[in-house]
Amino acid sequence: HIGTCVYYYFYARLCRPQITVDYIRRVKVAEMKNTCNKTIENGIDVVLSDGENYHFSLTTQDQLNLITISNMIAAGSETVAYHADGQLCKYFDSEDMKTVIAAATSHITKYTTYYNALHYWILSLKTIEEINAIYFGVEIPDEFTGDIMGNINKNEFNKFLSENSDLNGANFENIMFQNKKEEE
């Protein structure tokens with residue numbers, strides 16, 4: 001019986017993860033990746049040609065479906081069967097689906113780009129305190145943002161992330177397009 005206790009004592013000490021900067025960094029990167037994926041999967045709101053607002057989730061399967069629809073449109077389909085969240089499947093005009101696909105692609109690119117910049121920033125941090133201070137939505141220093149994030153309008157993106165703690169992506173397209181119109 002004593003041998004079993006000794007075994008469990010040493011097993012627990014040997015198998016317990018060491019709380020090091022490297023360990024905290026890996027945990028934080030995994031946390032940020034998970035948050036990014038959930039944010040992407042939560043999807044987008046898109047106003048289509050009928051003037052109605054539709055919500056489309058962007059799970060991996062949804063993204064694959066949109067790739068298939070994109071191929072169907074490229075092959076000449078004028079309408080495609082699909083469904084918005086919580087609605088029955090119906091025929092969408094190919095132009096409406098191009099709008100959905102463009103919005104989905106933009107949404108995925110924005111959040112993936114943000115995550116990649118965040119990831120590289122986390123890798124550069126040297127202390128547990130610095131790493132623990134990171135959250136999804138924090139403003140990223142310029143040296144980690146790269147060209148693409150700068151083109152996405154980094155300040156507006158960071159403002160959006162900080163103001164939308166639910167990070168569902170809703171209305172982000174409208175914010176971005178509204179700002180571009182105001183700049184013109």
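Only a predicted model underlies this, so the values are computations on that prediction, with no experimental measurement involved. (Residues numbered from 1 in each chain as written. Predicted model: local features only at pLDDT ≥ 70, side-chain atom pairs only at ≥ 80, totals over all residues. Heavy atoms only, no water.)

### Regarding the overall build of the chain
Turning to step 1, where the next piece is worked out: Across its full length, the chain holds 8 helices and 4 strands.
Turning to step 2, where the next piece is worked out: Ordered by position in the sequence, the α and β elements of the chain form the string α-α-β-β-α-β-β-α-α-α-α-α.
Turning to step 3, where the next piece is worked out: Out of the 184 residues belonging to the chain, those deemed buried represent 35%.
Turning to step 4, where the next piece is worked out: Pairs at least 24 apart in sequence give 55% of the contacts found in the chain among residues at least 6 apart.
Turning to step 5, where the next piece is worked out: For the chain, the accessible surface area stands at approximately 11,300 Å², while carbon and sulfur atoms represent 53% of it. (Helix = DSSP H or I, 4+ residues; strand = E, 2+ residues; numbered from the N terminus. Buried < 20%, exposed > 50% of the residue type's maximum accessible area, 1.4 Å probe, protein only. Contact = heavy atoms within 4.5 Å. Areas by Shrake-Rupley, 256 points an atom, 1.4 Å probe, with all protein chains shown as cover.)

### So, the pattern of salt bridges
Turning to step 1, where the next piece is worked out: Tallying each qualifying case throughout the model produces 4 salt bridges.
Turning to step 2, where the next piece is worked out: Note that R25 is salt-bridged to D22, the shortest N-O span being 3.3 Å. Remark: D22 and R25 occur in helix α2 (residues 21–42); sequence separation between them is 3 residues, near one turn of the helix.
Turning to step 3, where the next piece is worked out: Owing to a relative accessible area of 42%, D22 belongs among the partly exposed residues under this scheme.
Turning to step 4, where the next piece is worked out: Among the ionic contacts, a cluster of salt bridges with common partners joins D22, R25 and R26. (Salt bridge = Lys/Arg side-chain N within 4 Å of Asp/Glu carboxyl O.)

### Description of the packing of aromatic side chains
Turning to step 1, where the next piece is worked out: Applying the stated criterion across every chain, the model contains 6 aromatic pairs.
Turning to step 2, where the next piece is worked out: Arranged with centres 5.9 Å apart and planes meeting at 80 degrees, the rings of Y54 and F92 form a pair that is edge-to-face. One end of the pair, Y54, is in strand β2 (residues 53–56); the other, F92, is in strand β4 (residues 90–93), with 38 residues separating them in the sequence. Just as Y54 is buried, F92 falls in that class too.
Turning to step 3, where the next piece is worked out: Between F56 and Y82 the ring centres are 6.2 Å apart and the planes differ by 15 degrees, which places this aromatic pair in the stacked class. Of the two residues, F56 is situated in strand β2 and Y82 in strand β3 (residues 79–82); the sequence distance between them amounts to 26 residues.
Turning to step 4, where the next piece is worked out: A connected cluster of aromatic rings, assembled from ring pairs, spans Y54, F56, Y82 and F92. (Phe/Tyr/Trp six-rings, centres within 6.5 Å; stacked < 30°, edge-to-face > 60°.)

### Describing the confidence of the model for the chain
Turning to step 1, where the next piece is worked out: Per-chain confidence: the chain averages 81 in pLDDT, with 71% of residues scoring 70 or above.
Turning to step 2, where the next piece is worked out: Ranking the elements of the chain by mean pLDDT puts helix α8 (residues 172–183) last, at 35, and β2 first, at 98.
Turning to step 3, where the next piece is worked out: Low confidence marks residues 163–184, where pLDDT is under 50. Its contacts with residues over four positions away, or in another chain, come to 30 contacts. (pLDDT = per-residue confidence, 0-100.)

### Comments concerning the packing of α2 against helix α4 (residues 94–124)
Turning to step 1, where the next piece is worked out: Running from N to C, α2 and α4 cross one another at 170 degrees; their axes reach a closest spacing of 10 Å. One finds that α2 runs roughly antiparallel with respect to α4. Contacts between α2 and α4 pair R25, K28, V29, M32, K33, C36, T39 and I40 from the former with H107, I108, Y111, T112, Y115, L118, H119, I122 and L123 from the latter.
Turning to step 2, where the next piece is worked out: Within the contact of α2 with α4, the residues separate by chemical class into 10 nonpolar, 4 polar and 3 charged. (Axes fitted to C-alpha atoms, helices over the stretch in contact; angles between N-to-C directions. Parallel < 35°, antiparallel > 145°, perpendicular 65-115°, else oblique. Nonpolar A, V, L, I, M, F, W, Y, C, P; charged D, E, K, R; others polar.)

### Examining α2
Turning to step 1, where the next piece is worked out: Here α2 spans 31 Å end to end across 22 residues, near enough to the 32 Å set by a 1.5 Å rise per residue.
Turning to step 2, where the next piece is worked out: Among the residues of α2, those classed as buried are I24, R25, K28, V29, M32, C36, T39 and I40. Here the buried residues of α2 occupy an arc of 140 degrees about the axis, which is enough to place them on one side.
Turning to step 3, where the next piece is worked out: Looking at the packing, one finds that the buried side of α2 touches α3 (60–74), α4 and α5 (128–132).
Turning to step 4, where the next piece is worked out: In the segment just after α2, G43 is the residue with positive phi, at about 90 degrees. (Expected span 1.5 Å × (residues − 1). Arc of directions from axis to C-beta.)

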